[in-house]
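Reading the structure
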Amino acid sequence: GWGKTIFAASWLEAGAGTWNGAWVSLDEADDDPHAFWRAVATAVVPVVGERAAEALRRVAAGAVAADDLPGETAAALRLASDPIALVLDNLHEITSPQVHSGLVRLVQRPPPNLALLVTTRRDPPWPLPRLRLAGLVTQVRAADLAFRADEAAQLFTQLGIGVNRAQLERLVDRTEGWPAGLRLVAVHLQGVAGLEAAVSDFSGDDHSVAGYL
């Protein structure tokens, strides 16, 4: 509900022409070294050129030992003919220490032609302070994705809901700028006769919010 996936898709689109994009939507079935790196290799094969693709097909086919998968994948990516942007969406689905250890190795020694964006609902078990200090990781937090008052105003205007400035600021404060929360506010307010009372009464107990959560 914070717009992580939309943010990642926008990032890929913004770099179109600069890099070739690949997307991996992770779920619990990928929470295993072979399954995870197979998903990565399969997503990247179409955009890396034949030399890199040949090496990645070995990873996808399960022909590489689990401990060697991160290194083999990185080595294959270095052979890619053009820069690659790889999105790993929903990394919170991955709990395997072996997968995370391999990802940290990839982040610490990345192929120069690889840009990696990860979306997750919680921090991965990585040494994030050390990676940030080394300039290897930049984080975009909920506060960065939260709607400002002017952005919320645009949303309500597009949806035809005429809240005043005080009502708008109250709703942004109450939802902490949560984009999905503001959209649910809009659903709640559409067609309401007593707008002021509805804004005052809106809370996380509202049926639309409770149902979403």
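Residues numbered from 1 in each chain as written. Predicted model: local features only at pLDDT ≥ 70, side-chain atom pairs only at ≥ 80, totals over all residues. Heavy atoms only, no water.

On to the overall build of the protein. A count of helical and extended segments in the protein gives twelve helices and three strands. Taking 2.2 N^0.38 as the reference for a compact globule, 213 residues should give roughly 17 Å; the C-alpha atoms of the protein span a radius of gyration of 21 Å, well beyond that estimate. Taken along the three principal axes of its C-alpha coordinates, the protein extends 65 × 35 × 35 Å. Evaluated residue by residue, the protein yields a buried proportion of 41% over its 213 residues. Counted over contacts in the protein with a minimum sequence separation of 6, partners at least 24 positions apart contribute 68%. Working note: accessible area of the protein is about 11300 Å², and carbon and sulfur atoms make up 52% of it. For the protein, the centre of its 18 positive side-chain charges and the centre of its 25 negative side-chain charges are spaced 6 Å apart. (Helix = DSSP H or I, 4+ residues; strand = E, 2+ residues; numbered from the N terminus. Rg over C-alpha atoms; globule rule 2.2 N^0.38 Å. Buried < 20%, exposed > 50% of the residue type's maximum accessible area, 1.4 Å probe, protein only. Contact = heavy atoms within 4.5 Å. Areas by Shrake-Rupley, 256 points an atom, 1.4 Å probe, with all protein chains shown as cover. Lys, Arg positive; Asp, Glu negative; His and termini not counted. Charge placed at Lys NZ, Arg CZ, Asp CG, Glu CD.)

Counting across every chain of the model gives six salt bridges. A salt bridge links E151 to R148, with the nearest nitrogen and oxygen atoms 3.4 Å apart. The structure contains a network of salt bridges with shared partners spanning R148, D150 and E151. (Salt bridge = Lys/Arg side-chain N within 4 Å of Asp/Glu carboxyl O.)

The next subject is the layout of surface pockets. Considered as a void within the structure, the largest pocket measures approximately 910 Å³ in volume. In this structure, the largest pocket is lined by 28 residues; those nearest its centre are V118, V137, T138, Q139 and V140. Elements with a contribution of two residues or more to the lining of the largest pocket: α1 (4-14), α5 (97-108), β3 (114-118) and α7 (142-145). Looking at the lining of the largest pocket, the element that brings in the most residues is β3, giving five residues. Broken down by class, the residue content of the lining of the largest pocket amounts to 19 nonpolar, four polar and five charged. (1 Å grid on protein atoms, 1.4 Å probe; cavity = no way out; pocket = protein on both sides within 12 Å on 5 of 7 lines; lining within 4 Å. Points joined across faces, edges and corners; volume = space filled by probe spheres on them. Nonpolar A, V, L, I, M, F, W, Y, C, P; charged D, E, K, R; others polar.)

Attention now moves to the sheet that holds strand β2 (residues 84-89). Pairing in this open sheet of three strands is parallel, and the strands run β1-β2-β3 from one edge to the other. If you trace the sheet from one side to the other, it starts and ends with β1 (20-25) and β3, each paired once. The sheet shows a mean angle of 15 degrees between the axes of neighbouring strands, taken without regard to direction. The pairing of β2 with β3 spans five bridges and is classified as parallel. Directly across from L88, in β3, lies its bridge partner V118. Across the sheet, helix α2 (residues 33-44) touches β1 and β2, and the angle it forms with β1 is around 145 degrees. (Pairing = 2+ DSSP bridges. Axes fitted to C-alpha atoms, helices over the stretch in contact; angles between N-to-C directions.)

The next thing to look at is the environment of A41. Position of A41 among the secondary structure elements: in helix α2. Exposure remark for A41: the relative accessible area of 0% places this residue in the buried category. Distance in space between the C-alpha atoms of A41 and L77 is 9.3 Å, their sequence separation being 36 residues. When sequence neighbours within four positions are dropped, the list of residues in contact with A41 reads L56, V59 and A60.

Counting 37 residues, the largest nonpolar core has F36, V44 and V48 as the members making the most contacts within it. Secondary structure elements with two or more residues in this core: β1, α2, α3 (50-60), α4 (69-77), β2, α5 and α6 (128-133). Looking at this core element by element, the count peaks at six residues for α2. Among residues more than four places away in sequence, those in contact with F36 are L26, D30, L88, L91, I94, V99 and L103. (Core = buried A, V, L, I, M, F, W, Y, C linked by side-chain atoms within 4.5 Å.)

Looking now at α3. If you check which residues of α3 are buried, you get A52, A53, L56 and V59. End-on, the buried residues of α3 take up no more than an arc of 105 degrees, which puts them together on one face. In α3, the exposed positions that point more than 90 degrees away from the buried face belong to E50, R51 and E54. Buried-residue contacts for α3 involve α2 and α4. A positive phi of about 75 degrees marks G62, the residue just after α3. (Arc of directions from axis to C-beta.)

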